[in-house]
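Architecture and fold: a report
What follows is each chain in one-letter form.
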Amino acid sequence: MDGSEKLHWSPCVRWRIEGDALLVENFIYKNDVYSLFPKFYFVTSQGALYDDMRDHFKEFNPRILQSFVKDLARKKVLVKSIVSPKELFYSQKDLFNNDYPESIIYVTEELEAFKKKQAGRVVFKGARGIALDDDIGESVITTRKTHRVFDTKKKINFRSFSNAIGVFKSGTDRENGRYYASAGGLYPIDIYAYIKKDRVENVPKGLYYYNPIGNVMELVDERAEFTRETHYLTNKEIFDTSAATVFFIYNCECNMPKYGGMGYFYAILDAGIMVQTLTLACESENISVCSIGDMLFDSVKDKFRLSPNQTHLHAMELGYPKI
């Protein structure tokens, strides 16, 4: 265990004592560690080195304490960097007044009926309204479509790829400005891209960081090998045919000094704006996209060489549409 790094009790994790057992979310501990609480929680909530914990609990078996701390760190109960969106928001489901059956998750017909109901929802019944003109016409907005199968025999044209990814470049017509909005003009989202072999013209296979200053794809790992096992079941086939995966990585060092914890919220808004910006740019170049959102990022995280201040927010698959 690296004793030089502070460990914090994750703000997303709850605990309680039941009889002679400690329950930490779904994990149960019965080897007397419950006697450490609530003091252990208060100590680690402020952040503590392992040596600090050992000093606070001198009377407790040091071997069991060390094993307990290691286990909590492995389960991401004790963390040393910002948590992922999945960890941050999963507990909100317990506060949601849910009147729907769990079966809508896995019964196709029920899910489709649910989607149809939500798409036609009425928020204000009987309210007076003003009908707007509908004159958008044919454009990238009206022709936009999500594709889940891509043409594996066609390379993405280099110019088209450049125009799409280049929509994130810095220093446009405004000094240090960009083509999309960002809270405070801080642009805390870093872009990475995994390019498959022979799928993007003039770009060899590998993992890249997109540097917006200079509009450059910088090679991070030419040996990086991502597989369908990196994705959840419903997204495996999408990955199988895509040409590239674009990753949106939050760098809290860019906006938390100004916004504190709300910087995370603003970064998620920024990521949404960027996803739409890239989507429209790709539509203009006849490149298809599919947002897959979450994935098993921890299985490939080491390849990105991220700092403790970076965390994965979102991913998109790119390729030419299969006609």
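Residues numbered from 1 in each chain as written. Predicted model: local features only at pLDDT ≥ 70, side-chain atom pairs only at ≥ 80, totals over all residues. Heavy atoms only, no water.

A few words on the sheet that holds strand β9 (residues 244–251). Here 6 strands make up an open sheet; going across it, the order is β8-β7-β6-β9-β11-β10 and the pairing antiparallel. Two strands lie at the open edges of the sheet, namely β8 (216–221) and β10 (288–291), each paired on one side alone. Pairs of neighbouring strands in the sheet enclose a mean axial angle of 30°, with direction left out of account. Strands β6 (189–195), β9, β10 and β11 (310–319) of the sheet are contacted by helix α10 (residues 262–284), whose axis makes an angle of about 10° with β11. (Pairing = 2+ DSSP bridges. Helix = DSSP H or I, 4+ residues; strand = E, 2+ residues; numbered from the N terminus. Axes fitted to C-alpha atoms, helices over the stretch in contact; angles between N-to-C directions. Contact = heavy atoms within 4.5 Å.)

Here we come to the side chain of Glu-317. Mapped onto the elements of the fold, Glu-317 is located in strand β11. Nearest to the buried, unbridged Glu-317 among oppositely charged side chains is Lys-196, at 5.4 Å. Here Ser-242 takes part through its side chain, which lies 2.6 Å from a polar atom of the side chain of Glu-317. Other than its neighbours up to four places away in sequence, Glu-317 contacts Phe-150, His-231, Ile-238, Phe-239, Ser-242, Ala-244, Thr-245, Ser-288, Val-289, Cys-290 and Ile-292. (Buried < 20%, exposed > 50% of the residue type's maximum accessible area, 1.4 Å probe, protein only. Lys, Arg positive; Asp, Glu negative; His and termini not counted. Salt bridge = Lys/Arg side-chain N within 4 Å of Asp/Glu carboxyl O. Polar contact = N/O pair within 3.5 Å; in protein donor to acceptor, adjacent residues only side chain to side chain.)

Let us look at the nonpolar core. Counting residues in hydrophobic clusters, the biggest one holds 36 residues, and the most contacted among them are Phe-168, Ile-189, Ile-195, Phe-248 and Leu-278. Elements represented by at least two residues in this core include exactly α7 (158–165), β6, β7 (206–211), β9, α10 and β11. No other element matches the 8 residues that α10 contributes to this core. Not counting the four nearest positions on each side in its chain, Ile-195 is found in contact with Phe-161, Val-200, Val-203, Pro-204, Lys-205, Gly-206, Tyr-208, Ala-243 and Ala-244. Grouped together as the second largest cluster of nonpolar side chains are 22 residues, Leu-7, Val-13, Tyr-29 and Phe-57 included. (Core = buried A, V, L, I, M, F, W, Y, C linked by side-chain atoms within 4.5 Å.)

Before going further, it helps to spend a moment on the packing of aromatic side chains. Evaluation of the coordinates by the stated rule reveals 26 aromatic pairs. Ring geometry for Phe-247 and Phe-304: centres 5.0 Å apart, planes at 85°, overall edge-to-face. Here Phe-304 lies in helix α11 (residues 301–304) and Phe-247 lies in strand β9, a separation of 57 residues in the sequence. Accessibility classification places Phe-247 together with Phe-304 in one group, the buried group. Ring pairs connect the aromatic residues Trp-9, Trp-15, Tyr-29, Phe-37, Phe-40, Tyr-41, Phe-42, Phe-57 and Phe-68, which therefore count as one cluster. Note that Lys-39 overlies the ring of Phe-57, its terminal NZ or CZ placed 5.5 Å from the centroid. The ring of Tyr-187 has Arg-178 sitting right over it, with the charged end atom 4.4 Å from the ring centre. (Phe/Tyr/Trp six-rings, centres within 6.5 Å; stacked < 30°, edge-to-face > 60°. Lys NZ or Arg CZ within 6 Å of the ring centre and 35° of its normal.)

Strand order in the open sheet formed by 3 strands is β2-β3-β4, and the pairing between neighbours is antiparallel. With partners counted over all chains shown, the strands left at the sheet margins are β2 (15–18) and β4 (27–29), one partner each. Within this sheet the neighbouring strands show an average axis-to-axis angle of 25°, counted without direction. One ladder, built from 3 bridges, connects strand β3 (residues 21–24) with β4; its direction is antiparallel. Residue Leu-23 lies in a different strand from β4, and its bridge partner there is Ile-28.

Taken together, the side chains of Met-262, Phe-265 and Leu-269 define a hydrophobic patch exposed on the protein surface, amounting to about 290 Å² of accessible area. With respect to the helices and strands, Phe-265 occurs in helix α10. (Patch = residues over 30% accessible without salt bridge, like charges linked within 9 Å, V, L, I, M, F, W, Y side chains within 5 Å. Areas by Shrake-Rupley, 256 points an atom, 1.4 Å probe, with all protein chains shown as cover.)

Along the chain, Phe-37 connects to Pro-38 via a cis peptide bond; the corresponding omega equals 10°. Looking at the secondary structure, you find Pro-38 in the loop between β4 and α1 (39–45). Even without glycine at this site, Glu-25 takes up a positive phi of about 50°. Among the structural elements, Glu-25 can be located in the loop between β3 and β4. Unusually for a residue other than glycine, Asn-286 sits at a positive phi of about 60°. In this structure, Asn-286 sits in the loop between α10 and β10. Its relative accessible area of 48% is what places Asn-286 among the partly exposed residues.

With 23 residues, α10 ought to run about 33 Å at 1.5 Å a step, and its terminal C-alpha atoms sit 34 Å apart, in line with that. Just beyond α10, the residue with positive phi is Asn-286, at close to 60°. (Expected span 1.5 Å × (residues − 1).)

Limitation: the analysis is restricted to geometry and does not speak to function.
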